[in-house]
Amino acid sequence: QVQLVESGGGLVQPGGSLRLSCAASEIPLDDFATAWFRQAPGKEREGVGCISSSDGSTYYADSVKGRFTISRDNAKKTVYLQMNSLKPEDTAVYYCATDLGPCTVVADDFASWGQGTQVTVSS
């Protein structure tokens, strides 16, 4: 099982930016997807977006589209979530997850999860 570690969370003002990192212990040889999820207290886990290893295609939830960008650096075995124009409703614990297969934001599709990193957007 791939081990994942998220980092980069913190406290930012509305309109600010953060870049989250998801470092993997290994990169599978087969096609795989890495997704970002978030969960606020008392709320359901929400898919943020994903990136595919096969063609680099990405998907973003409507709530973050145009503000968040997912990218990858294979040499560093890291997937990034660049978050711009942050809003208070973006406050949550952010998790990355990965598994073999296509790019989805269905939590049950992912076997490997990071520990999460807290993002707080507040004045």
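This report concerns the structure included in the present document. (Residues numbered from 1 in each chain as written. Predicted model: local features only at pLDDT ≥ 70, side-chain atom pairs only at ≥ 80, totals over all residues. Heavy atoms only, no water.)

### Things to note about the state of the cysteines
Consideration 1: Evaluation of the coordinates by the stated rule reveals two disulfides.
Consideration 2: One disulfide in the model links Cys-50 with Cys-103; its S-S distance is 1.8 Å. In this structure, the disulfide formed by Cys-50 and Cys-103 twists by about 115° around the S-S bond and is classed as right-handed. Of this pair, Cys-50 sits in strand β5 (residues 46–52) while Cys-103 sits in the loop between β9 (92–100) and β10 (112–113), and the two are 53 residues apart along the sequence.
Consideration 3: On the basis of relative accessibility, which here comes to 0%, the residue Cys-50 falls in the buried class.
Consideration 4: Disulfides within the protein link the bonded cysteines, taken in sequence order, as 1-3, 2-4. (Disulfide = S-S within 2.5 Å. Helix = DSSP H or I, 4+ residues; strand = E, 2+ residues; numbered from the N terminus. Buried < 20%, exposed > 50% of the residue type's maximum accessible area, 1.4 Å probe, protein only.)

### Structural notes on the pattern of salt bridges
Consideration 1: Using the criterion set out here, one finds four salt bridges in the structure.
Consideration 2: Ionic pairing is found between Glu-46 and Arg-38, a salt bridge with its closest N-O pair at 2.9 Å.
Consideration 3: You can call Glu-46 partly exposed: its relative accessible area is 31%.
Consideration 4: With a relative accessible area of 5%, Arg-38 lands in the buried category.
Consideration 5: With a shortest N-O distance of 2.9 Å, Asp-90 and Arg-38 are connected by a salt bridge. Remark: Arg-38 occurs in strand β4 (residues 32–39) and Asp-90 occurs in the loop between β8 (78–83) and β9; sequence separation between them is 52 residues.
Consideration 6: Within this structure, Arg-38, Glu-46, Arg-67 and Asp-90 form a network of salt bridges that share partners. (Salt bridge = Lys/Arg side-chain N within 4 Å of Asp/Glu carboxyl O.)

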